[in-house]
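What follows is the residue order along each chain.
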Amino acid sequence: MQVTRNKILAVVGVIGLVLYFVSVWWSIEPDPIKPASQQTDSGKLIVGYATTTSLITTMETLLDKPGGWLSNDIMPPSVMMDNMPAFEFGALEQVRDLALIMRKEFSRSQSQSSADSDLLAAHSKLNIDNTSWLVPSAEGEYRDAIKLLKLYRAKISDADNNNAQFYARADNLNEWLKEVQKRLGSMSQNLSASVGQERLNTDLAGDISARQSTPGLTSNEVKTSWWKIDDVFYESRGSAWALLNFMRAIEVDFADVLEKKNAEVSLRQIIRELEATQQTVWSPLVLNGNGFGLVANHSLVMANYISRANAAVIDLTNLLSQG
């Protein structure tokens, strides 16, 4: 009886060890993606090809990395993992933002023009719950969205097809950058809340006649739960990873606009700050020490890079808004 019990314990231990190493392998984050470009027969770059390809490749990378899409898995070891699903969700949020702007801005010449049907359907499919695993599954909807994005890319690559366009203009780019600002600002606030802080209510600042639906506190204590520190960190890291991919593509498609506005350096500064967010995390745990304590605080380090990237985005927005 004792021998049988020892064998069972040994088998359980081996299975547990195997699942652990599998989870470590599946937690390896993908490298940032280099932008792709394609030229027409006359040697001109196809406007929009790099951005659309970056969107496609980003989603394909998330779906085809070791372990595949983990956010909706209900079996071990992925059901016990939270860092990579958080990374996936952060990247997915950036994908959804760019897909929305491509549908609303990049593919339309003016406010009265109609949206591209493939982009409209792709954006809808990208908005399925990332944890959906039955019917329809998240992976299935995302792969359908990729197919639709490839159809759109094929249309803008065809010189004889005038039914689809990608407009690289300063005003269009600014619309996306406004979404990026909001996303980065939220990420920075969430990361900074790792140590807890009292925040003053600035909701109505700057407008004496502004009102809100219900009364708000003059200040409140904001602190991320100890159990959520690593989730917030990796969600921000995934979001920065996807945004880095897109910024590199934007540098290709909007090169003429950036050159005219003398804004190339501003975009490169954003890219540099985002690259810093992807440095290797050598610690086995996301540490949450005080700002000036003995133990590091990885969330505050990430918040620093995110805030600097956000400041550079604001500078770029101002440059593009100038005549």
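Owing to the predicted nature of the structure, the values given are computational and were not obtained by experimental measurement.

Trainee: How would you summarise the packing of helix H3 (residues 83–106) against helix H4 (residues 117–126) if you had to cite specific residues and measurements?
Mentor: Geometrically, a packed helix pair is captured by the angle between its two axes and the distance between the axes. Taken N-terminus to C-terminus, the directions of H3 and H4 make an angle of 155°; their axes are 9 Å apart at the nearest point. Compared by their axis directions, H3 and H4 come out roughly antiparallel. Crossing hand, H3 versus H4: left-handed. Contact with H3, carried on its side by Leu-92, Val-95, Arg-96, Ala-99, Leu-100, Met-102 and Arg-103, involves Leu-119, Leu-120, His-123 and Leu-126 of H4 and no other residues of that element. Looking at the contact of H3 with H4 residue by residue, the classes come out as eight nonpolar, one polar and two charged.

Trainee: Tell me about the pattern of salt bridges, and name the residues and values.
Mentor: Using the criterion set out here, one finds 16 salt bridges in the structure. Here Glu-60 makes a salt bridge to Lys-150, at a shortest N to O gap of 3.0 Å. Linking Glu-60 in helix H2 (residues 49–64) with Lys-150 in helix H5 (residues 138–157), this pair joins segments that are 90 residues apart in sequence. Lys-65 serves as the salt-bridge partner of Glu-88, at 2.5 Å between the closest nitrogen and oxygen. Within this pair, whereas Glu-88 is found in helix H3, its partner Lys-65 is found in the loop between H2 and H3, the two being separated by 23 residues in sequence. Neither residue differs from the other here; Glu-88 and Lys-65 are each classed as buried. Each member of the salt-bridge network shares a partner with another, and the members are Glu-93, Arg-96, Asp-97 and Arg-183.

Trainee: An account of the side chain of Asp-97 is needed here, citing residue identities and associated values.
Mentor: Along the polypeptide, Asp-97 turns up in helix H3. Since its relative accessible area comes to 9%, Asp-97 is described here as buried. Here the side chain of Asp-97 touches Arg-183 through a polar contact of 3.0 Å, side chain to side chain. Beyond its immediate stretch of four places on either side in the chain, Asp-97 contacts Trp-176 and Arg-183.

Trainee: Which residues make up H3, and what values do they have?
Mentor: Between its first and last C-alpha atoms H3 spans 33 Å; for 24 residues at 1.5 Å apiece the expected length is 34 Å, and the two agree. In terms of burial, H3 is a largely internal element, 19 of the 24 residues being buried.

Trainee: I'd like a description of the packing of aromatic side chains, backed by residues and values.
Mentor: Under the definition given, this model contains seven aromatic pairs. The interplanar angle of 75° and the centroid separation of 5.2 Å between the aromatic rings of Trp-69 and Tyr-142 together place this pair among those described as edge-to-face. With Trp-69 in the loop between H2 and H3 and Tyr-142 in helix H5, this residue pair connects regions lying 73 residues apart in the sequence. For the pair shown, Trp-69 and Tyr-142 are each scored as buried. Through successive ring pairs, a cluster of aromatic residues spans Phe-106, Phe-166 and Phe-254.

Trainee: Hey, could you go over the side chain of Ser-299 for me, with residue numbers and the actual values?
Mentor: Structurally, the position occupied by Ser-299 is in helix H10 (residues 298–321). Other than its neighbours up to four places away in sequence, Ser-299 contacts Leu-191, Ser-194, Ile-229, Phe-233, Val-286 and Leu-287.

Trainee: Explain unusual backbone geometry residue by residue, including any values.
Mentor: In this structure, the amide linkage connecting Pro-76 to the following residue, Pro-77, adopts the cis form with an omega of 5°. Within the secondary structure layout, Pro-77 lies in the loop between H2 and H3. You will see that Asn-262, though not glycine, has its phi angle at about 55°, which is positive. Of note, Asn-262 is situated in the loop between helix H8 (255–260) and helix H9 (264–276).

Trainee: I'd like to hear about the environment of Val-257, residue by residue, with values.
Mentor: By secondary structure assignment, the location of Val-257 is in helix H8. With a relative accessible area of 14%, Val-257 lands in the buried category. Between the C-alpha atoms of Val-257 and Leu-173, which are 84 residues apart in sequence, the distance is 9.3 Å. Among residues more than four places away in sequence, those in contact with Val-257 are Ala-168, Arg-169, Ala-170 and Leu-320.

Trainee: Which residues make up H5, and what values go with them?
Mentor: Its 20 residues place the ends of H5 29 Å apart at the C-alpha level, agreeing with the 28 Å of an ideal helix rising 1.5 Å per residue. When H5 is considered as a whole, its buried residues turn out to be Ala-138, Glu-141, Tyr-142, Ala-145, Ile-146, Leu-148, Leu-149, Tyr-152, Arg-153, Lys-155 and Ile-156. Those residues of H5 that are buried lie in contact with H2, H3 and H4.

Trainee: Break down the nonpolar core for me, citing the residues and quoting the values.
Mentor: Within the largest apolar cluster, 72 residues are counted, with the highest numbers of intra-cluster contacts made by Phe-106, Tyr-142, Trp-176 and Met-247. With twelve residues, the top contributor of residues to this core is helix H7 (residues 229–253). Beyond its immediate chain neighbours, meaning those up to four positions away, Trp-176 contacts Asp-97, Leu-98, Ile-101, Phe-106, Leu-243, Phe-246, Met-247 and Ile-250.

Trainee: Describe the packing of H7 against H10, listing the residues and the values that go with them.
Mentor: Between H7 and H10, whose axes approach to 11 Å, the crossing angle comes to 30°. Like other packed secondary-structure pairs, H7 and H10 cross with a definite hand, here left-handed. Taking contact as the criterion, the partners of Ile-229, Phe-233, Ser-236, Arg-237, Ala-240 and Met-247 in H7 are, on H10, His-298, Ser-299, Met-302, Ile-306 and Val-313. Its residues assigned to classes, the contact of H7 with H10 shows seven nonpolar, three polar and one charged.

Parameters and conventions
- Residues numbered from 1 in each chain as written.
- Predicted model: local features only at pLDDT ≥ 70, side-chain atom pairs only at ≥ 80, totals over all residues.
- Heavy atoms only, no water.
- Axes fitted to C-alpha atoms, helices over the stretch in contact; angles between N-to-C directions.
- Helix = DSSP H or I, 4+ residues; strand = E, 2+ residues; numbered from the N terminus.
- Parallel < 35°, antiparallel > 145°, perpendicular 65-115°, else oblique.
- Left-handed = near helix turned anticlockwise from the far one by under 90°.
- Contact = heavy atoms within 4.5 Å.
- Nonpolar A, V, L, I, M, F, W, Y, C, P; charged D, E, K, R; others polar.
- Salt bridge = Lys/Arg side-chain N within 4 Å of Asp/Glu carboxyl O.
- Buried < 20%, exposed > 50% of the residue type's maximum accessible area, 1.4 Å probe, protein only.
- Polar contact = N/O pair within 3.5 Å; in protein donor to acceptor, adjacent residues only side chain to side chain.
- Expected span 1.5 Å × (residues − 1).
- Phe/Tyr/Trp six-rings, centres within 6.5 Å; stacked < 30°, edge-to-face > 60°.
- Core = buried A, V, L, I, M, F, W, Y, C linked by side-chain atoms within 4.5 Å.

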